[in-house]
Amino acid sequence: MASFSSTTVLLLLISLNVSAFFIAVSAGTFYEDIDIKWGDDRAKILENGKLLTLSLDRACGAGFQSKNEFLFGRIEMQIKLVPGNSAGTVTAFYLSSQGPTHDEIDFEFLGNLSGDPYTVHTNIFTQGKGEREQQFHLWFDPTADFHTYSFTWNPKHIIFSVDDTPIREFKNLESIGVPYPKNQAMSLYSSLWDAEDWATRGGLIKTDWSQAPFTASYRNFNTNACIWSAGKSSCSSASSAFIAADNSWLAPELDPRGVEKLMWVRRNYMIYNYCTDSSRFPGGFPAECQASGNS
């Protein structure tokens, strides 16, 4: 992403009609940053808080939630996905607010038979409405080692990235009537669960429970973001922390190198795009599909 001076960033925020940000940078332990929400001992924090694992068996999966809520920022995690025959399993990693008109920004990793590629399913909900799915394969084995999955979310766009390679961009197109998530703070969630009725080849391949427990592993949860708490933002332009922070996530658009990487992924690894699925939208594609960068 392009690098911005503190003065440039402040001017950008003013031009976007957003209060200037105090950037809260966090790279603590899972004990400090995460709450286990369900799954009992299927969710474990290990190695003095530096490693977290979620497991799925026939009885139940597991999930966690960030202690903080965020309103814009860069949020990332290193994840090693379920190895071997992971068909029927879903590892979800997403930002979400609450309520019937919630906003949500999703990664879902759909398992597969041994040797077949994972499907990376992405979606964006605004005001409770999703149906903006794009799917990808990866250019590496996501079960062999940890890889970094991140959301960059600012008032101008949302970027999904894998190992700092952008795979999807969703731009703010409120000017043509497309809702954009900008008013609801979101927590980070992740879960491992059974979705054999749809996850692998539309449900044709079922979960092989003889392979259970299935386990996904997490480390290096990093945030460079504005924290929302008790109805207030942690933002303050006067803070020296804001001046010192890495504010590249505030860039209003991808730089040329980022665009090149994004197009490389779309050409070689995109396997589904709602903006080209005419069978789903016989009356015409959603408005954002007509705009450059979102389609």
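Each value, and the rule that gives it
Residues numbered from 1 in each chain as written. Predicted model: local features only at pLDDT ≥ 70, side-chain atom pairs only at ≥ 80, totals over all residues. Heavy atoms only, no water. Core = buried A, V, L, I, M, F, W, Y, C linked by side-chain atoms within 4.5 Å. Buried < 20%, exposed > 50% of the residue type's maximum accessible area, 1.4 Å probe, protein only. Helix = DSSP H or I, 4+ residues; strand = E, 2+ residues; numbered from the N terminus. Pairing = 2+ DSSP bridges. pLDDT = per-residue confidence, 0-100. Contact = heavy atoms within 4.5 Å. Salt bridge = Lys/Arg side-chain N within 4 Å of Asp/Glu carboxyl O. Lys, Arg positive; Asp, Glu negative; His and termini not counted. Polar contact = N/O pair within 3.5 Å; in protein donor to acceptor, adjacent residues only side chain to side chain. Phe/Tyr/Trp six-rings, centres within 6.5 Å; stacked < 30°, edge-to-face > 60°.

Colleague: Which residues make up the nonpolar core, and what are the values?
Modeller: Counting 58 residues, the largest nonpolar core has M77, F93, F107, F109, Y149, W153 and Y218 as the members making the most contacts within it. It is strand β5 (residues 62–80) that contributes the most residues to this core, eight residues altogether.

Colleague: Residues and numbers for the pairing of strand β3 (residues 43–46), please.
Modeller: Where burial is concerned, the two faces of β3 differ: the one with A43 and I45 is buried and the one with K44 and L46 is not. Where β3 lies against strand β4 (residues 51–56), four bridges are found, and the strand directions are antiparallel. Looking across to β4, one finds that L46 is bridged to L51. The hairpin turn running from β3 into β4, its antiparallel successor, is four residues long, and E47 in that turn takes a positive phi close to 50°.

Colleague: Describe the confidence of the model for the chain, and please don't skip the residues or the numbers.
Modeller: Any region with low pLDDT has predicted coordinates that should not be read closely. Here the chain averages 88 in pLDDT, while 86% of its residues score no lower than 70. Predicted confidence is poor over residues 1–22, with pLDDT under 50, and the contacts of this stretch with residues over four places away or in other chains come to 52 contacts. Here residues 237–244 scores under 50 on pLDDT; set against residues more than four positions off or in separate chains, the count is 13 contacts.

Colleague: So what's going on with the environment of S190? Which residues, and what values?
Modeller: Relative to the helices and strands, S190 is located in strand β13 (residues 186–194). According to the relative accessible area criterion, S190 is buried, its value standing at 2%. Spatially, the C-alpha atoms of S190 and G63 are 5.5 Å apart, while their sequence positions differ by 127 residues. Non-local contacts of S190, meaning those with residues more than four positions away in its chain, are made with L54, A62, G63, F64, A92, F93 and Y218.

Colleague: I'd love a proper account of the environment of K129, names of residues and values included.
Modeller: Within the fold, K129 resides in the loop between β8 (119–125) and β9 (134–136). Remark: the alpha-carbon pair of K129 and D103, spanning 26 residues in sequence, is separated by 8.1 Å.

Colleague: Describe the pattern of salt bridges, with residues and values.
Modeller: If you walk through the whole model with that rule in mind, you get ten salt bridges. A salt bridge links K67 to D35; its shortest N-O distance comes to 2.5 Å. Taken together, the positions of K67 in strand β5 and D35 in strand β2 (residues 34–38) put the pair 32 residues apart, joining distant regions of the chain. As a salt-bridge pair, E131 and K129 come within 3.9 Å of each other at their nearest N and O atoms. Classification of K129 as partly exposed rests on a relative accessible area of 47%. Salt bridges linked by common partners bring R74, E76 and D164 together as one network.

Colleague: Hey, could you go over the side chain of R168 for me, with residue numbers and the actual values?
Modeller: Positionally, R168 belongs in strand β12 (residues 165–171). E288 is the oppositely charged side chain nearest to the buried, salt-bridge-free R168, at an N-O distance of 6.6 Å. Within the structure, R168 has its side chain in polar contact with the side chain of T122 (distance 2.9 Å). Here the side chain of R168 touches Q134 through a polar contact of 3.3 Å, side chain to side chain. Those residues within four positions of R168 in sequence are excluded, and the remaining contacts are T122, N123, I124, R132, E133, Q134, F136, I158, I159, F160, L262 and Y274.

Colleague: Help me get a handle on unusual backbone geometry, residues and values and all.
Modeller: In this model, A212 is joined to P213 through a cis peptide bond whose omega is 0°. The topology assignment puts P213 in the loop between β13 and β14 (214–229). At E47, a position not held by glycine, the phi torsion is positive, near 50°. Judged by relative accessible area, which is 55%, E47 ranks as exposed.

Colleague: Can you lay out the packing of aromatic side chains for me, pointing to particular residues and giving the numbers?
Modeller: Within the structure shown, the criterion is met by 20 aromatic pairs. Ring geometry for Y94 versus Y189: centroids 5.3 Å apart, planes at 15°, classification stacked. In this pair, Y94 sits in strand β6 (residues 89–96) while Y189 sits in strand β13, placing the two residues 95 residues apart along the sequence. Taken together, the aromatic side chains of F93, F107, F109, Y149, F151 and F160 make up a single cluster linked through ring pairs.

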